Structure formats: structure tokens, C-alpha cells
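Observations on the three-dimensional arrangement
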Amino acid sequence: MKILRNRLSSALLVLLGASFITFTLARVIPSDPALAYIGPKATAAEAAKLRITLGLDQPIPVQYFKYLIETFQGNWGYSLSTKQPILQEIADRLPATLELIFFAISFAVIFGVALGVYAAKYRGKFQDSLIRIFAIIGVSMPAFWLGLLLQMLFAGRLTWFPATGQFDIELKYDHPITRVTGFPLFDSIITGNYHATFNGLHHMILPALTLSAYSFGLLSRMARANLLEVLSQDYVKVARAYGLSERLIFFKLALRNALPPIVTVTGLSAAYLITGTFFVEQVYNWPGIGSFAVNSLLSIDYPAIMGITLVAAIGYLVTNFIVDLIQSKLDPRVWMK
Amino acid sequence: MKFLFKDKLTSMASTLLILFIFLAIFGPLVAPYPKEGRGKANVDNSFIGPGWKHLLGTDELGRDLLSRIIFGARPALLIALAVVGFAAVIGTLLGLIAGYRGGWIDSLIMRVSELFLSFPPLLLSLVAVTFLGPGLVNALIALIISWWPWYARLIRVEASIVKSKPYVEISAAMGVPDRVIILRHILRNVTTPLIVQIAADLGTVILAAGSLAFIGLGAQPPAADWGLMVAQGRNLIFDQWWISTFSGMAIFLAVLAFNILGDALRDHFDPRISRQ
């Protein structure tokens, strides 16, 4: 319990720091938020009036303090471009992004770990070098470029998959998804709207593959390296000397002990996916936070940018926390510091 | 330098890198259409597919894509060197101070660097370049802002390990000034991890800079910048596929070359890490 409290308070501190950095960047740098709000055509008097309503005439520390209180109360301000409450915008878009991340991470873990294990089993053979090349291509591929290539090939030339969006546009009319949890794909499953589920999965494959490339590369390298490390340990030699079957040694003994670092890397790559969605959603017109983030950045929509940054920082913290939890389950010696 | 050609993959990467460096230096001399590479429009020639006259085709403004890509090599390599260079210098300095001095200044530097690392990768750079205003130089500054903490932390750990070695403690007891100890003993001992880290980061920075440019926050038109060129071809990908495809391939090959060589360098300098 005490550990949990410590974790929470340090998490709060991190969020405070992150919000402080974003706030400073947004305010100290000479861009006038009031001007961004009403546009360049406004008169000086109008801008001055708005500055007072927005509280921009007050000293920066006061503004920061007010911002903190309001953020804590759930008032995250309004987007300058869509004029909607930020929290609402984020809540509407988060599910689509989380679904995308879920599939990307699943692809990466399943294929990454499987191929990493396979490579370790055939160490130094042809299969090993082939997987090594795959992995290094995965970590070197710009996500936005891979997205465009897959789009061109599988949506444009072969027309196997749709090029953009999370569902067909017509789906809204012929098989509308009943909102239960707000997660569209999940809702379509629990309400038995399988037409929508298949449509959503069909749309999911290309973006999820694009997003998972980097994590896939990272994970297969890590899985291979860690497995080889474990296999060279003394207790594996002892197990061999006792005559345990190779199969048992490989899967029960080695894989189990190679797991903790793999979990860490999975968490690390999940963090990469948070910003990865910015580029992938941009390419595939995915209706999630990533595309909202890019639009907000391009239009210097500073309340939206601060909101998104905060959510991303929270996502980062949560990921790290989950990693630690799994870690302590796998290895009781690691209890949270 | 033999390790840079130790196997087929590494030799291929070394060759690629040499090619990119050559293009970055002599690009204007070898590009088939140097004026178009610099950005001169030639609208009569727009959207010619890859062929003998234009090996990689032409873009919307009729500029030879190969020349544009060749001109893009210089900014790409320069931004990678500048970001990693500045980040390494700032990080090394702070890391040395933190690791050698310890105490409150150590905790201060480490807390601040933790703060910068509390953002998911690249997010801080994106936010910073937005408020600084899009552009190549601002993108560079934004990338340095989020890159230095990694170096500070790496060097701090190495420095505090070296610091407690007997020969350093004896030098200190003999009255050798801190400055000399830091320069002679500590800096020399952190060079290897530093080089390994720099090599691993060069590719990542090219990738990051390309990403910023792709969403419109990096280099601005009419610059010949790979990420920007991918973005310019984005909406044409189904018809004029060559623009984004070849520009992105330049980024991919450069990153790939740096990553493979980074691995080779790490294996060479530090076989201990590579086994793990």
C-alpha cells in the first residue's frame, strides 16, 4: 500500500513537471495565444479584450497556477480550431487510438517474440540472419513511409484492404454501432454487430502493421539476445547434464527466464507507439488522438496541445506502471522501488 | 577499421554510408540537374515517371527527383551530426559534473533530465518545434532539447563508476585538481560508451528529423528535404507513386546504414553489451 502511494505521488510529480515544461514552452516563446484564438484579422482592441477574458494579462506563474487548478477540476479549455471542449475531443478520440495501439502491440509481441525465439533456436544459421535483417529493417523504417507504401500496394494496386478510416463510411447507415463502452470495435463485438467487426478488422490491418514495425524489430532482437544469454547460463548446462529434453529446457526454462527483459522492451515500445500513432493516423486518416494531435500542432492550437501532452504523459506513466506490475509477478525479487 | 567490413551486411552499410557522405559533399557536382535540385521549377516536365531522362521521375514542379534526393543528403547528415553533437556535448558536460561532484548538483541535474524524459519519445520535440515555429533550425533545437538527457544519464553512470576506482581516488588524495582528473581519467574512460551511443543515435535522429518534416514542422519548401518530399508526394501516392517512394527510401537507407554500423561499432568496442 505504501509502495502504491509512493508511486502515485512520484507520478503526480512527473505530471506536474511535464505540464510545467509544456506550459513554459507555450507561453514563454513569443507566440500570442490570443491572436491564435481569433485569427490575424482581429483589431488590437479585440485582441486586448480577449487577452483579459483568457487571463493572458496576468503574470505567467499565476496563469500556470490557474491552469493547474482548472486542469485538475476537469476544465481543460476549448480547442481553438474545433471550439469543442478539449477533454470531450480527447475522450471521443482516445478509444480509436487505443484499439489501434492494442492491435499493433499484439502484432509486435506475437511476431517479434516468435521470430526472436526462432532465430535463437537456429543461431548462426540462414534463418537467424534473415530474421536479423527483418528486425533491423523494422527499426529503420520511417512509419509514415511504410504506411504510404502499404497503402499504395495493398489498397491502391491490389485493393485487398481499404486505404483510410476505421470503418467504411456507409457503415454508419447500414450497420451502425451501438455505443456501449465507446470503443467502436469492442462495442461492435459485444453488441453482436459482426458486420461492423469484420469491417473494422479489415481497416485495422494496414495501420496496425505499420505502427508495429518498429516494436517488432526491437522485440525480435531483444527476444533473441536474451534467450541466447539465458541458454549460456550454468543452470541450463546443469539441466542438459541431467538429461532434460531440449524442448523442455528451451520453452520451460530458458523462455521463462528470458521473459522479464522482453516485458520491459514491450513497455518501452508501447511508449514509442504513443507518438507513433501521430504519423500513422495522419497517413491513414484514423479518427484518433494522433491525427487530432498533428492538426493541433500544425494550427498551434495550444490548449489542445497541452491536453494531448498531458494525456500522452499519463499514458507513458501507466505503461511503465503496468510493466513494473508484470515484472514483479514474473520475478518476485523485483518489487517496486 | 576492418570491423566496418566484417560481413556482407556491414560492408553494404559502410558502402551506403560512404555514398551518402559523398553525395552530401559533392552532391551539386554529380546531380544530373543541379538547378532543379536547388529548387528551380520546370513546370513543363511535371510528373514524368521514372525513365532514362529522369531516373527517378520528376515531381509536381517538374524537378528531377534524383537531383532533389541528392541535394537532400547534406541537410539530412548535417542535422544528424548537429543534433547528436550538441546533445552529446551538453549531456557529457552535465553528466560529468553530476557523476563526479555528486551531492545536490547531481540530484538537480538528474531530476531535470528525468523531467525531460517523462514525455514519450519525440513528443517534447514536436511540442517544442510547434511553439518555436516550423523550420530546419528550430527542428534541430527541438531535437537537441529532448536528446541531451540520455547522454547526461549515460555519462553520469559511467563517471560515477570511474570516480570510485582506486587510481582516481588516489589521484584526488594526491591533490590533482578536479579539472585534470575529469579530463585525464574520467573523460577518457567514458569515450567508448559515448561513441557507441552516438553511432546508435545518428540513424534515429535522421528518422526523427524526417518525421518532423513529414508532418510539416521541419524544413519548409522549397528546401530539398527527404521528409518534406515524402509529404509532398503523399496525396499522389496512388498515381505519382515515385515521389514519396524514392524520397522515403533515401531516409530508410540512411537510417538502415547507420543502424547496422551502430551495431557493428558496439560489437567491436564492447563485446560485453552485444552478448546481452
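As a reminder, the structure under discussion sits directly above these lines.
The rules behind the values
One numbering rule holds for all chains: residues counted from 1, following each sequence as written. By the order in which they are written, chains take letters starting at A while ligands take numbers starting at 1. Residue-level local features of this predicted model are given only where pLDDT is at least 70; pairs of side-chain atoms are given and counted only at 80 or more, and the full residue set underlies all totals for whole chains, interfaces and linings. Labels follow the DSSP assignment, with helices taken as runs of H or I lasting at least four residues and strands as runs of E lasting at least two, numbered in each case from the N terminus. Partly exposed residues are those falling between the two cut-offs: more than 12 but fewer than 20 other C-beta atoms within 10 Å of their own, whereas 20 or more means buried and 12 or fewer means exposed, with C-beta atoms placed from the backbone. Any two residues are considered in contact once their C-beta atoms, placed from the backbone, lie within 7 Å. Each residue is assigned to one class: nonpolar for Ala, Val, Leu, Ile, Met, Phe, Trp, Tyr, Cys and Pro, charged for Asp, Glu, Lys and Arg, and polar for all the others, Gly among them. In this description, a nonpolar core means buried residues of the types Ala, Val, Leu, Ile, Met, Phe, Trp, Tyr and Cys, linked to one another by C-beta atoms lying within 7 Å. Helix axes are fitted only over the stretch in contact, all axes being lines through C-alpha atoms; the angle between N-to-C directions runs from 0 to 180 degrees. To sort the angles, those under 35 degrees are grouped as roughly parallel, those over 145 as roughly antiparallel, those from 65 to 115 as roughly perpendicular, and the leftovers as oblique. What makes a crossing left-handed is the near helix being turned counterclockwise from the far one by less than a right angle; a clockwise turn instead makes it right-handed. Here the expected span of a helix is defined as 1.5 Å times the quantity of residues minus one.

Moving on to the overall build of chain A. From N to C terminus, chain A includes 14 helices and 0 strands. The N-to-C order of helical and strand elements in chain A reads α-α-α-α-α-α-α-α-α-α-α-α-α-α. Summarising its shape, the C-alpha atoms of chain A cover approximately 85 × 55 × 40 Å along the three principal directions. The 337 residues of chain A split such that 39% are buried. Look at the contacts in chain A between residues 6 or more apart in sequence, and 70% of them connect residues 24 or more apart.

On to the overall build of chain B. Regarding its fold elements, chain B presents 11 helices and 0 strands. Its helices and strands in sequence order give chain B the pattern α-α-α-α-α-α-α-α-α-α-α, from N to C terminus. Seen through its principal axes, chain B has C-alpha atoms that stretch 75 × 45 × 30 Å. By the burial criterion, 50% of the 276 residues in chain B qualify as buried. Here the analysis covers contacts within chain B between residues at least 6 apart in sequence; of these, 66% occur between residues at least 24 apart.

The interface is formed by 38 residues belonging to chain B together with 40 residues belonging to chain A. Going through the elements one at a time, α5 (123–132), α8 (178–214) and α10 (242–269) of chain B are the ones with two or more residues in the side of chain B that touches chain A. Of the residues in the side of chain B that touches chain A, the class split is 25 nonpolar, 11 polar and 2 charged.

Here we come to the nonpolar core. Residues Leu 219 of chain A together with Val 83, Leu 143, Val 205 and Ile 206 of chain B are the most contacted members of the largest nonpolar core, which totals 162 residues. A per-element tally of this core places helix α3 (residues 65–101) of chain B first, with 18 residues. Excluding anything up to four places from it in sequence, Val 83 of chain B contacts Leu 140, Leu 143, Ile 144, Trp 147 and Val 205 of chain B.

All names here are of chain A. Two numbers describe how helix α7 (residues 143–157) lies on helix α12 (residues 246–284): the axes approach to 9 Å, and their chain directions differ by 30 degrees. Relative to α12, the element α7 is oriented roughly parallel. Pair α7 / α12 crosses with right-handed handedness. Within the contact between the two elements, α7 uses Ala 143, Phe 144, Gly 147, Leu 148 and Gln 151 and α12 uses Gly 276, Phe 279, Val 280, Val 283 and Tyr 284. Its residues placed into classes, the contact of α7 with α12 shows 7 nonpolar, 3 polar and no charged.

Turning our attention to the packing of helix α6 (residues 126–140) of chain A against α10 of chain B. Running from amino to carboxyl end, α6 of chain A crosses α10 of chain B at an angle of 125 degrees, the nearest separation of the two axes being 9 Å. Put simply, α6 of chain A runs oblique to α10 of chain B. As for how α6 of chain A packs across α10 of chain B, the hand of that crossing is right-handed. Residues Ile 136, Ile 137, Val 139 and Ser 140 of chain A of α6 of chain A pack against Phe 252, Val 255, Leu 256, Asn 259 and Ile 260 of chain B of α10 of chain B. Considered class by class, the residues forming the contact of α6 of chain A with α10 of chain B number 7 nonpolar, 2 polar and no charged.

Here we take up α10 of chain B. Compared with the 40 Å implied by 1.5 Å per residue over 28 residues, the 40 Å span of α10 of chain B between its first and last C-alpha is a close match. With respect to burial, α10 of chain B is a largely interior element, 22 of its 28 residues being buried.

So, on to unusual backbone geometry. Residues apart from glycine generally show negative phi values, whereas peptide bonds are mostly found in trans. Cis geometry is adopted by the peptide bond preceding Pro 222 of chain B, which originates at Pro 221 of chain B and carries an omega value of 5 degrees. With respect to the helices and strands, Pro 222 of chain B occurs in the loop between α8 and α9 (226–233). You will see that Lys 83 of chain A, though not glycine, has its phi angle at about 60 degrees, which is positive. If you check the backbone angles, Thr 159 of chain A has positive phi at about 45 degrees while not being a glycine. Along the chain, Thr 159 of chain A falls in the loop between α7 and α8 (171–174).

Take the environment of Arg 38 of chain B next. Relative to the assigned elements, Arg 38 of chain B resides in helix α2 (residues 34–38). Taking the C-alpha atoms as reference points, Arg 38 of chain B and Phe 71 of chain B, separated by 33 residues in sequence, lie 7.1 Å from one another.

Residues and elements named next belong to chain A. Among the secondary structure elements, Glu 281 is positioned in helix α12. Between the alpha carbons of Glu 281 and Ile 86 there is a distance of 19 Å; along the sequence they are 195 residues apart. Discounting residues that sit within four places of it in the chain, Glu 281 has contacts with Trp 286, Gly 288, Gly 290 and Ser 291.

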